Amino acid sequence: AQSVTQLDSQVPVFEEAPVELRCNYSSSVSVYLFWYVQYPNQGLQLLLKYLSGSTLVKGINGFEAEFNKSQTSFHLRKPSVHISDTAEYFCALDTGRRALTFGSGTRLQVQP
Amino acid sequence: DTEVTQTPKHLVMGMTNKKSLKCEQHMGHRAMYWYKQKAKKPPELMFVYSYEKLSINESVPSRFSPECPNSSLLNLHLHALQPEDSALYLCASSPGPQETQYFGPGTRLLVL
């Protein structure tokens, strides 16, 4: 069975500071990895994805993530956050079963 | 058209009511999904349709009945729901199985 762990339920950060949201996964087979963002009362928007190839993936809104197979991690980073980045962030994996398994989510709270 | 639409946005129903949720996409995607998201929790997969055929049913109670009339449309028929079924119901689609999923804004359901 596969699983996704997001250790930090909340991450407070000041505006223009860098941020890292952590994601670790467990799977006995190859995985595809995703980060989605959910703004209040909205659906999920895809930030970025890792399918294969380069382990550093760049996404929308200045976010990037690095796939580390040896550490089974896919941490999300942004060098300088904005107030508008305040949202819930979900890491998810797909083992090719056509079903996404989500982590529990990390609430990013950007403070002025 | 590059989005997934869901109607209605909000729905309040009694436990004896019958209602339906509707999801539509015109991106030519051949896989469609229903997820249930409780407050402050990640989305949980309910059903997957691939090429208009039900391919995954995650042991969902029979009071939820999915239907895929054509490749663009996905319905979720609701009957005799319980208050604990109150949640945000998200629809997603992908070009094919094992490809990136794109989410709609969701229907927020309240069962009284």
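The rules we used
- Residues numbered from 1 in each chain as written.
- Chains lettered and ligands numbered in written order.
- Predicted model: local features only at pLDDT ≥ 70, side-chain atom pairs only at ≥ 80, totals over all residues.
- Heavy atoms only, no water.
- Buried < 20%, exposed > 50% of the residue type's maximum accessible area, 1.4 Å probe, protein only.
- Helix = DSSP H or I, 4+ residues; strand = E, 2+ residues; numbered from the N terminus.
- Pairing = 2+ DSSP bridges.
- Disulfide = S-S within 2.5 Å.

*Asks:* Tell me about the pairing of strand S5 (residues 44-50) of chain B, residues and numbers included.
*Replies:* All names here are of chain B. Across the 7 residues that make up S5, a large majority, 6, are buried. Bridge analysis of strand S4 (residues 31-37) against S5 gives 6 bridges, and the strand direction is antiparallel. Bridge pairing in S5 places Ala31 opposite Ser50. Here S4 folds back onto S5, and the loop between the two strands holds 6 residues, one of which, Lys40, carries a positive phi near 60 degrees. Pairing analysis gives 4 bridges linking S5 to strand S6 (residues 53-57), with the strands arranged antiparallel. Bridging across to S6, Tyr49 finds its partner in Leu54. The turn joining S5 and S6, which pair antiparallel and follow one another in sequence, is formed by 2 residues; a positive phi near 50 degrees is taken by Tyr51.

*Asks:* Account for the state of the cysteines, with residues named and values stated.
*Replies:* In this structure the tally under the stated criterion is 2 disulfides over all chains. Paired by a disulfide, A:Cys23 and A:Cys91 hold their sulfur atoms 2.0 Å apart. The sign of the -65 degrees torsion about the S-S bond sets the A:Cys23-A:Cys91 disulfide as left-handed. Of this pair, A:Cys23 sits in the loop between strand S3 (19-21) and strand S4 (24-26) while A:Cys91 sits in strand S10 (residues 87-94), and the two are 68 residues apart along the sequence. Taken as a pair, A:Cys23 and A:Cys91 share a single burial class, namely buried. Through a disulfide, B:Cys23 is tied to B:Cys91; the S-S separation comes to 1.9 Å. Taking the sign of the S-S torsion, about -70 degrees here, the bridge from B:Cys23 to B:Cys91 comes out left-handed. Residue B:Cys23 is located in strand S3 (residues 18-25), and its partner B:Cys91 is located in strand S9 (residues 87-94); the two are separated by 68 residues in the primary sequence. Residue B:Cys23 shares its accessibility class with B:Cys91, and that shared class is buried. Free of any disulfide, B:Cys68 has its nearest cysteine sulfur in B:Cys23, 9.3 Å distant.

*Asks:* If you had to explain unusual backbone geometry to someone new, which residues and values would you point to?
*Replies:* Residue and element names in this part refer to chain B. Here Thr7 and Pro8 are connected by a cis peptide whose omega angle stands at -10 degrees. One non-glycine residue with positive phi stands out, namely Glu52, at about 70 degrees. Its place among the elements puts Glu52 in the loop between S5 and S6.

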